Amino acid sequence: MECIFCKIARAEIKTELLYEDDDVIAFRDLHPQAPLHVLCIPRQHISTLNDLSPQQTALAGKLLLTAQRVAKNLAVEESGYRLVMNCNGHGGQTVFHIHLHLLAGRQMSWPPG
Ligand code: AMP
């Protein structure tokens, strides 16, 4: 499969992993939008949030807990952080393998642009 995040998950593209287990990995975004910008992804290919099924509830929870763990490991849990998952065109999704953005290290604005 040509999915870039699948290749990262299979270590066909070498990327420093900030966290990994059998189900999820976390690594730095190539084009960071904040001083800390990490992507948490399932190893399994799921194209968009629309494709997540009730059978994958535990996996979805694990993505959140991975972001929490990385935020703690990188000591931004107290200063704060933002989690974002983009879906399809209006959501701004560009890589069609679900991923949770963890953004930290600066004041986030609301509403997002
Ligand atoms: P989205 O626009 O929500 O689909 O986010 C995709 C993100 O993946 C963007 O922030 C990209 O900078 C990031 N990205 C694309 N390719 C890579 C890569 N090889 N390694 C790390 N991040 C990447």
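Here the structure is a predicted model, which means the values were calculated and not measured.

Observations regarding the overall build of the chain
In terms of helices and strands, the chain carries 3 helices and 5 strands. Secondary structure of the chain in N-to-C order comes out as α-β-β-β-α-β-α-β. A compact globule built from 113 residues would reach a C-alpha radius of gyration of about 13 Å, and the chain, at 14 Å, matches this within 12%. Within the chain, the fraction of its 113 residues that count as buried is 35%. Accessible surface, the chain as shown: approximately 6,900 Å² in total, 54% of it carbon and sulfur.

Considering the environment of Asp51
Position of Asp51 among the secondary structure elements: in the loop between strand S3 (36-42) and helix H2 (57-73). A relative accessible area of 45% places Asp51 in the partly exposed class. Each C-alpha atom, one on Asp51 and one on His99, is 13 Å from the other, the two residues being 48 residues apart in sequence. Ignoring sequence-local partners within four residues, the contact set of Asp51 consists of Ile46 and Gln56.

Rules used in this analysis
Residues numbered from 1 in each chain as written. Predicted model: local features only at pLDDT ≥ 70, side-chain atom pairs only at ≥ 80, totals over all residues. Heavy atoms only, no water. Helix = DSSP H or I, 4+ residues; strand = E, 2+ residues; numbered from the N terminus. Rg over C-alpha atoms; globule rule 2.2 N^0.38 Å. Buried < 20%, exposed > 50% of the residue type's maximum accessible area, 1.4 Å probe, protein only. Areas by Shrake-Rupley, 256 points an atom, 1.4 Å probe, with all protein chains shown as cover. Contact = heavy atoms within 4.5 Å.

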